[in-house]
Amino acid sequence: MDIINIIIIAVVVILLIVLVSWIIVSYNNFIRMRNNVDESFSTMDVYLKKRFDLIPNLVNTVKGYAKHEAEALEKTIAARNMAQASGDITKQLQAEGAISGALKSIFAVVESYPELKANANFMDLQNKLSTLEEEIANSRKYYNGVVKIYNTKREVFPSNIIAKLFKFTKRPLYEVSDVEQRENVKVEF
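What you are looking at is a predicted structure, and each value in this text was computed from that prediction instead of being measured.

Draft legend 1. Seen up close, the overall build of the protein chain. The helix and strand tally for the protein chain stands at 7 helices and 0 strands. Residue burial in the protein chain is summarised as follows: out of 189 residues, 34% are buried. Contacts spanning at least 24 positions in sequence make up 77% of the contacts within the protein chain whose residues lie at least 6 apart. On the protein chain, roughly 11,700 Å² of surface is accessible, and the fraction owed to carbon and sulfur atoms is 59%.

Draft legend 2. Region of interest: the side chain of Ser139. Structurally, Ser139 can be placed in helix H5 (residues 120-155). Among the polar contacts made by the side chain of Ser139, one reaches the main-chain carbonyl oxygen of Ile136 at a distance of 2.9 Å. Sequence-distant contacts of Ser139, defined by excluding residues within four places in its chain, comprise Met44 and Tyr47.

Draft legend 3. Structural detail: the pattern of salt bridges. Taken as a whole, this structure holds 6 salt bridges when the rule is applied. With a shortest N-O distance of 3.4 Å, Lys128 and Asp124 are connected by a salt bridge. In this pair, Lys128 and Asp124 are both assigned in helix H5, 4 residues apart and thus about one turn of the helix distant. When its relative accessible area of 44% is taken as the criterion, Lys128 is described as partly exposed. Put simply, Lys170 and Glu155 hold a salt bridge, and the shortest N to O gap is 3.7 Å. Separated by 15 residues along the polypeptide, Lys170 in the loop between helix H6 (159-165) and helix H7 (179-182) and Glu155 in helix H5 bring together distant segments of the chain. Given a relative accessible area of 53%, Lys170 falls into the exposed group. What emerges from the salt-bridge pattern is a single network uniting Arg154, Glu155 and Lys170.

Draft legend 4. Molecular detail of the confidence of the model for the protein chain. Taken residue by residue, the protein chain gives an average pLDDT of 82. The fraction at 70 or more is 83%. The least confident element of the protein chain, judged by mean pLDDT, is H7 at 45; the most confident is H6 at 96. For the stretch residues 184-189, pLDDT sits under 50, and the model shows 8 contacts to residues farther than four places along the chain or on other chains.

Draft legend 5. Here's a closer look at the side chain of Arg154. Along the chain, Arg154 turns up in helix H5. When sequence neighbours within four positions are dropped, the list of residues in contact with Arg154 reads Phe30, Asn160, Ala163, Phe168, Thr169 and Lys170.

Draft legend 6. Quick look at the nonpolar core. The biggest cluster of nonpolar side chains holds 35 residues, and the ones touching the most others in it are Leu58, Ile99 and Tyr143. Every element with two or more residues in this core is listed here: helix H1 (3-65), helix H2 (70-85), helix H3 (89-110), H5 and H6. The biggest single contributor to this core is H1, with 13 residues. The contact partners of Ile99, leaving out residues within four places of it in the chain, are Arg51, Phe52, Ile55, Ala79, Arg80 and Ala83.

Draft legend 7. Seen up close, the packing of aromatic side chains. On inspection of all chains with the given rule, the structure shows 5 aromatic pairs. Geometry around Tyr150 places Arg171 over its ring, the cationic atom sitting 6.0 Å from the centre.

About the thresholds
- Residues numbered from 1 in each chain as written.
- Predicted model: local features only at pLDDT ≥ 70, side-chain atom pairs only at ≥ 80, totals over all residues.
- Heavy atoms only, no water.
- Helix = DSSP H or I, 4+ residues; strand = E, 2+ residues; numbered from the N terminus.
- Buried < 20%, exposed > 50% of the residue type's maximum accessible area, 1.4 Å probe, protein only.
- Contact = heavy atoms within 4.5 Å.
- Areas by Shrake-Rupley, 256 points an atom, 1.4 Å probe, with all protein chains shown as cover.
- Polar contact = N/O pair within 3.5 Å; in protein donor to acceptor, adjacent residues only side chain to side chain.
- Salt bridge = Lys/Arg side-chain N within 4 Å of Asp/Glu carboxyl O.
- pLDDT = per-residue confidence, 0-100.
- Core = buried A, V, L, I, M, F, W, Y, C linked by side-chain atoms within 4.5 Å.
- Phe/Tyr/Trp six-rings, centres within 6.5 Å; stacked < 30°, edge-to-face > 60°.
- Lys NZ or Arg CZ within 6 Å of the ring centre and 35° of its normal.

Shown next as structure tokens:
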């Protein structure tokens, strides 16, 4: 065996080691990123579950004052139930948008009832909900940031090769999908 064959074999072995190392590192990076996406969704889900638990109390408090405003209250409970029943991330994120819209309609109803706005129980629930909404908004931002990094990594070359090879799928961003949710709530007296 002459020196050229030894050099060729050495170069091929080094290239194989580099390729295998790159595959391992890329795969592990995808696993870390996927776990970050899952963890960020779980964090958001914890806040959403707290909100789910708060909604019936809020609705019951409003019901006592606004018996004839059943439509807004029923929409809120229906949106809550739909979100709880949704099985996958995409459906749950869509259902969350419906809950946000329904809660806005409840607060629009409340504007018509000054005695309700002065109720200590309602004010406490409203403050808790307001704090939860801020936490949910922050967790949504974090979730979207982590998903963006993950989705970008799985789409750019050469990491897209590893993503396709090991079936790392695209994750959904949290988006406001309903046009109504982008508009301000109309309060009429």
